[in-house]
Amino acid sequence: MRRDSNAQSYTNERPTMTEICQKCGEEDEDRRTMYMGCFYDMAEMGLPFRIMSDEAGNHFCTLRVCKACREDWMIAIKEWFETPKIENNCDSGIYIREFGKLLQVTAEEFEIRRKKKEDDK
Ligand SMILES: [Zn+2]
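Computed from a predicted structure; not experimentally measured.

Rules of the game
- Residues numbered from 1 in each chain as written.
- Predicted model: local features only at pLDDT ≥ 70, side-chain atom pairs only at ≥ 80, totals over all residues.
- Pairing = 2+ DSSP bridges.
- Helix = DSSP H or I, 4+ residues; strand = E, 2+ residues; numbered from the N terminus.
- Axes fitted to C-alpha atoms, helices over the stretch in contact; angles between N-to-C directions.
- Contact = placed C-beta atoms within 7 Å.
- Core = buried A, V, L, I, M, F, W, Y, C linked by C-beta atoms within 7 Å.
- Buried ≥ 20, exposed ≤ 12 C-beta atoms within 10 Å, placed from the backbone.
- pLDDT = per-residue confidence, 0-100.

### Considering the sheet that holds strand 7 (residues 59–65)
Note: strands within a sheet are paired through backbone hydrogen bonds, in either parallel or antiparallel orientation. Ordered by their spatial adjacency, three strands build an open sheet running 5-7-6, and the pairing between neighbours is antiparallel. Every other strand in the sheet has two partners, leaving strand 5 (32–36) and strand 6 (50–53) as the edge strands with one partner each. The average undirected angle you get between the axes of adjacent strands in this sheet is 40°. Alignment of strand 6 against strand 7, held across four bridges, turns out to be antiparallel. By the bridge assignment for strand 7, isoleucine 51 is matched with cysteine 61. Lying over the sheet, helix 1 (residues 67–82) contacts strand 5 and strand 7, oriented at roughly 25° with respect to strand 5.

See below:
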């Protein structure tokens, strides 16, 4: 219950505090915090994570999102979990590190990735 200073009475309205969804940009007061952690520097993903710590000193990457974006995230995690593992067998001898895993890529793919990395700078 909050006191309405103009009417000098009490109402059940909660103070409005809007927040922007970090994924879609929608502004509203109904946001959810998604906590993620995998013992890897997730900053490599280039997402606007905020870093939080719990009382035990564990660090989490968080995103504040709307319910619709939370749903999209849950669908993406479900698809990832249900997708069979993809083996990398190109045997080119050209290795890259991506999200903590060594991958072999073709010379063409290496050049595409190198160019994209330069363009992103
Ligand atoms: Zn959203």
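### Things to note about the nonpolar core
In globular proteins that are soluble, nonpolar side chains generally tend to be buried together. Ranked by size, the top nonpolar core spans five residues in total: Cys21, Leu63, Val65, Cys66 and Cys69. Leave out the neighbours within four places in its chain, and cysteine 69 touches Cys21, Lys23 and Cys24.

### Remarks on the confidence of the model for the protein
For the protein, mean pLDDT is 85; residues scoring 70 or higher make up 86% of the total. Across residues 1–9, confidence stays below pLDDT 50; counting only partners more than four residues off in sequence or on other chains, it has eight contacts.

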